[in-house]
Amino acid sequence: MKEGRDEDILGIIPPVKMIIKEGGTFSLKNLPPVYYGQDELKDSALLLASCLCGQGEGRTAPAPENISGGRTVILTLEGAPSEQAMGFPDESYTVKITPEGIRVSAPDKAGIARAVQTIRQAAFPSDDLPCLTINDRPRFPWRGMHLDVSRHFFPKDYILRFIDTIALFRFNKLHLHLTDDQGWRAEIRKYPLLTEIGSLRESTVIGHNRERPLKYRDVPYGGYYTREEMEEMVEYARIREIDIVPEIDMPGHMQAAIAAYPELGCTDMKLKPRCQWGISQHILNAEESTIEFMKDILDEIMEIFPCPYIHIGGDEALKYEWQEQRHIQERMAEVGVKSEDGLQSWFISRMGEHLHSRGRHMIGWDEILEGGLPEGAIVMSWRSEAGGIEAAGQGAPVINCTSTHTYFDHYQGPAESEPLAIGGDCPLEKVYAFEPVPREIPEEKKHLVMGSQGQLWTEYIADREYLEYMAFPRALALAECLWCRPEEKDWNVFEQRLDRAERLLDALGVNYRRRNA
């Protein structure tokens, strides 16, 4: 027997924690049925059968009470899940491969789902799997990808494709940025004008938003997800044990909503969904009717998305209208705050209280620290590590998404040789060097860092091919940062494994950026 790192044996991304290598192989030809030991594992069994033999239906069955003799593949829950912070599932798992079969066991179905993806990668492109035992678990419970579908809209079928691709590399969160100034993308049945008016802009900037004079493509642009489509996305992700984290950005980034329902705004100005990139100065007012409106929206969102985490944005809320409008200043006095930042904190706190009353956790970008961090909030720190350090200092959970290392809308090579992007510099090597836990966080508070995610803001990403080009292979580097401890990472070995991963992406038809580009 041999114990070692999996780059010598499997070559998958991210690498598993521990392997004991045995002799021999298990053939994937004429694969036997995939048995599931518990009914709740049927979906994982179907997925594994589909991955290994091209079909799931008719290739799975409940496990017989006594399995003896013959080739078998079985998934089963074993042992008690270990306690995880904030109710995250135990994602540890064991895979034992012998010449006679595959046995996958885990204390929680989330671990079974991760094991299925490990086998899915390991089985490519051979018809044989090496005999071995794998014991594995992730470093962080939050391993995500973010996708902005507001600036540019991506249809449901592509969202499903994206979910399947990130699941392969053992991500467990998809953060969907559903609303912004340029478009409202989620059907809300109580307020149909959000999509009837707010989902369609009249034109779109051509070229970079900083170029002058601005030029436009004068073609209406829009799209949104029906409730049924969002429910289908949730179900597809559930089978792969991925949470879809919905974001309804507020109180700023709301021009599309105010265009649909002007009573939400601070002025009498008639608005339309924004046709430029950048930040709108228009912001929600703080009237009680607006608070109730936003609660109604969150209620429908929670009906669709069962994820324990709801993102309410809170970023880049320009407060000029709050400063200039007398009725907003009077409202500040009514609610007892002394600054516009304080009013935002009050607004976000009201949303947090509502989400908490429904058993959900609220996430906001690091600007929610301004004016006072709302009780119970999770801080997604993007502008720098400072927000995460401050939040952890206050005892708040942190998702470290610093833009320098996790913004995949940034250039990944010299700007003159890359397609148009928003700016920045985030090559593959820089992503791989990312350490999610800032050194400045005291040792006793490091556990508050839940993990990270890669951001795909889509001002300049208009189609599937370019989105995949920007996401991959950088997402694979991030996946390794979030699964492995720093001492378990090795850039040279990662590059070797990336050769194999790129062949897998080729087989899946994913339009990744070639490293020699």
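Provided above is the structure to which this section pertains.
Because the structure is predicted, anything quoted here is derived from the model rather than measured.

Colleague: Would you explain the layout of surface pockets in this entry?
Modeller: Sizing a probe to match a water molecule and rolling it over the atoms shows the empty space that remains. Put simply, the largest pocket is a space of about 510 Å³. Lining the largest pocket we find 23 residues, and of these Q84, R139, F140, P141 and H447 sit closest to its centre. Split into classes, the residues belonging to the lining of the largest pocket amount to twelve nonpolar, three polar and eight charged. Size it by volume and the second largest pocket reaches roughly 390 Å³. E241, I242, D243, C307 and P308 are the residues nearest the centre of the second largest pocket, which is lined by 20 residues in total. For the lining of the second largest pocket, the elements supplying multiple residues, two or more each, are α5 (227-239) and β17 (243-250).

Colleague: Quick question: what am I supposed to make of unusual backbone geometry here?
Modeller: Glycine aside, residues mostly have negative phi, and peptide bonds are mostly found in the trans state. With an omega of -5°, the peptide bond running from F124 to P125 counts as cis. The omega torsion across F472 and P473 is 10°, close enough to zero to call that bond cis. Among the structural elements, P473 can be located in the loop between α14 (464-471) and α15 (474-483). Positive phi values are uncommon outside glycine, yet N30 reaches one of about 50°.

Colleague: What am I meant to see in the packing of helix α2 (residues 109-122) against helix α3 (residues 156-168) here?
Modeller: Relative placement of two packed helices is described by the angle separating their axes and the distance separating the axes. Across the interface, α2 lies against α3 with an axial gap of 9 Å and an inter-helix angle of 85°. In terms of orientation, α2 and α3 fall into the roughly perpendicular class. Contacts between α2 and α3 pair Q117, R120 and Q121 from the former with D164, A167 and L168 from the latter. Along the lines of polarity and charge, the residues of the contact of α2 with α3 split into two nonpolar, two polar and two charged.

Colleague: How should empty space enclosed by the protein be read in this particular structure?
Modeller: Using the criterion set out here, one finds three cavities of 30 Å³ or more in the structure. The volume enclosed by the largest cavity comes to roughly 60 Å³. Taken together, E40, D43, S44, K109, R238, I239 and E241 make up the lining of the largest cavity. Tallied by class, the residues present in the lining of the largest cavity amount to one nonpolar, one polar and five charged.

Colleague: Is there a simple way to think about the environment of M250 in this case?
Modeller: Of note, M250 is situated in strand β17. Residue classification places M250 among the buried residues on the basis of a relative accessible area of 0%. Here the alpha-carbon distance between M250 and H410, two residues 160 residues apart in the chain, equals 24 Å. Beyond its immediate sequence surroundings of up to four residues, M250 is in contact with L284, M294, L298, I312, G313, G314, F347, I348 and M351.

Colleague: Before we go on, may I ask you to explain helix α9 (residues 326-335) in this structure?
Modeller: For an α-helix, 3.6 residues make a turn, and residues three or four places apart therefore share a direction. Those residues of α9 not exposed but buried are I328, R331 and M332. Projected onto a plane normal to the axis of α9, the buried residues spread over an arc of 105° and lie on a single side. Away from its buried face by more than 90 degrees, α9 exposes R326, A333 and E334. Buried residues in α9 make contact with α7 (288-304), α8 (320-324) and α10 (340-357). The positive-phi residue at the C-terminal boundary of α9 is G336, with phi of around 80°.

Colleague: Just checking my understanding: could you explain the environment of M470 for this structure?
Modeller: Following the sequence through the fold, M470 ends up in helix α14. Take M470: its relative accessible area is 2%, and that puts it in the buried class. Measuring from C-alpha to C-alpha, the distance between M470 and F408 comes to 6.0 Å, with 62 residues separating the pair along the chain. The residues touching M470, leaving out its near neighbours within four places in the chain, are F408, D409, H410, Q412, A421, L456 and I461.

Colleague: Even after reading the chapter, I still don't get the pattern of salt bridges, so can you show me in this structure?
Modeller: Where charged atoms from two side chains of opposite charge come close, those side chains can pair. Here the structure, examined in full by the defined rule, presents 40 salt bridges. K17 is the partner of E488 in a salt bridge, and the nearest nitrogen-oxygen pair spans 3.6 Å. Separated by 471 residues along the polypeptide, E488 in the loop between α15 and α16 (491-508) and K17 in the loop between β1 (2-4) and β2 (18-27) bring together distant segments of the chain. Each of D148, R151, D180 and E459 takes part in one network of salt bridges that share partners.

Colleague: Got a minute to help me understand the side chain of D164 in this structure?
Modeller: With respect to the helices, strands and loops of the structure, D164 is situated in helix α3. When its relative accessible area of 18% is taken as the criterion, D164 is described as buried. Side chain to side chain, D164 and R120 meet in a polar contact 2.9 Å long. Among all residues touching D164, those that are not within four sequence positions of it are R120, Y236 and R240.

Colleague: Just to check I follow, could you spell out the packing of α3 against α5 for this structure?
Modeller: Running from N to C, α3 and α5 point in directions that differ by 15°, and their axes come no closer than 10 Å. As judged from the angle between their axes, α3 and α5 are roughly parallel. Considering how the two elements wind past one another, α3 and α5 form a crossing that is right-handed. On α5, the residues that touch K156, I159, L160, I163 and D164 of α3 are E229, E232, M233, Y236 and A237. By residue class, the composition of the contact of α3 with α5 is six nonpolar, no polar and four charged.

Colleague: Quick question: what am I supposed to make of the packing of aromatic side chains here?
Modeller: Any two aromatic rings considered together are summarised by their centre-to-centre distance and by the angle between their planes. Per the counting criterion, the structure on display carries 17 aromatic pairs. Relative to F162, the ring of Y158 has its centre 6.0 Å away and its plane inclined at 45°; by these criteria the two rings are tilted. Taken as a pair, Y158 and F162 lie in helix α3 at a separation of four residues, close to a single helical turn. Accessibility assignment for this pair places Y158 and F162 in one class, buried. Lying across the ring of W142, K173 places its NZ or CZ 5.2 Å from the centre.

Colleague: I tried to follow the sheet that holds β17 on my own but got confused; where do I start?
Modeller: The strands that make up a sheet pair up through hydrogen bonds in the backbone, lying either parallel or antiparallel. Here we have eight strands rolled up into a closed barrel, ordered β9-β10-β17-β18-β19-β20-β21-β24, and parallel in their pairing. Across the sheet, the mean angle separating the axes of adjacent strands is 30° when strand polarity is ignored. Relative to strand β20 (residues 378-381), strand β19 (residues 361-365) is paired through three bridges, and the arrangement is parallel. Of the residues in β20, the one forming a bridge with G364 is V379. Across the sheet, α3 touches β9 (142-148), β10 (173-177), β17 and β24 (449-456), and the angle it forms with β10 is around 150°.

Conventions adopted
Residues numbered from 1 in each chain as written. Predicted model: local features only at pLDDT ≥ 70, side-chain atom pairs only at ≥ 80, totals over all residues. Heavy atoms only, no water. 1 Å grid on protein atoms, 1.4 Å probe; cavity = no way out; pocket = protein on both sides within 12 Å on 5 of 7 lines; lining within 4 Å. Points joined across faces, edges and corners; volume = space filled by probe spheres on them. Nonpolar A, V, L, I, M, F, W, Y, C, P; charged D, E, K, R; others polar. Helix = DSSP H or I, 4+ residues; strand = E, 2+ residues; numbered from the N terminus. Axes fitted to C-alpha atoms, helices over the stretch in contact; angles between N-to-C directions. Parallel < 35°, antiparallel > 145°, perpendicular 65-115°, else oblique. Contact = heavy atoms within 4.5 Å. Buried < 20%, exposed > 50% of the residue type's maximum accessible area, 1.4 Å probe, protein only. Arc of directions from axis to C-beta. Salt bridge = Lys/Arg side-chain N within 4 Å of Asp/Glu carboxyl O. Polar contact = N/O pair within 3.5 Å; in protein donor to acceptor, adjacent residues only side chain to side chain. Left-handed = near helix turned anticlockwise from the far one by under 90°. Phe/Tyr/Trp six-rings, centres within 6.5 Å; stacked < 30°, edge-to-face > 60°. Lys NZ or Arg CZ within 6 Å of the ring centre and 35° of its normal. Pairing = 2+ DSSP bridges.

Read these as spatial facts, not as claims about activity.
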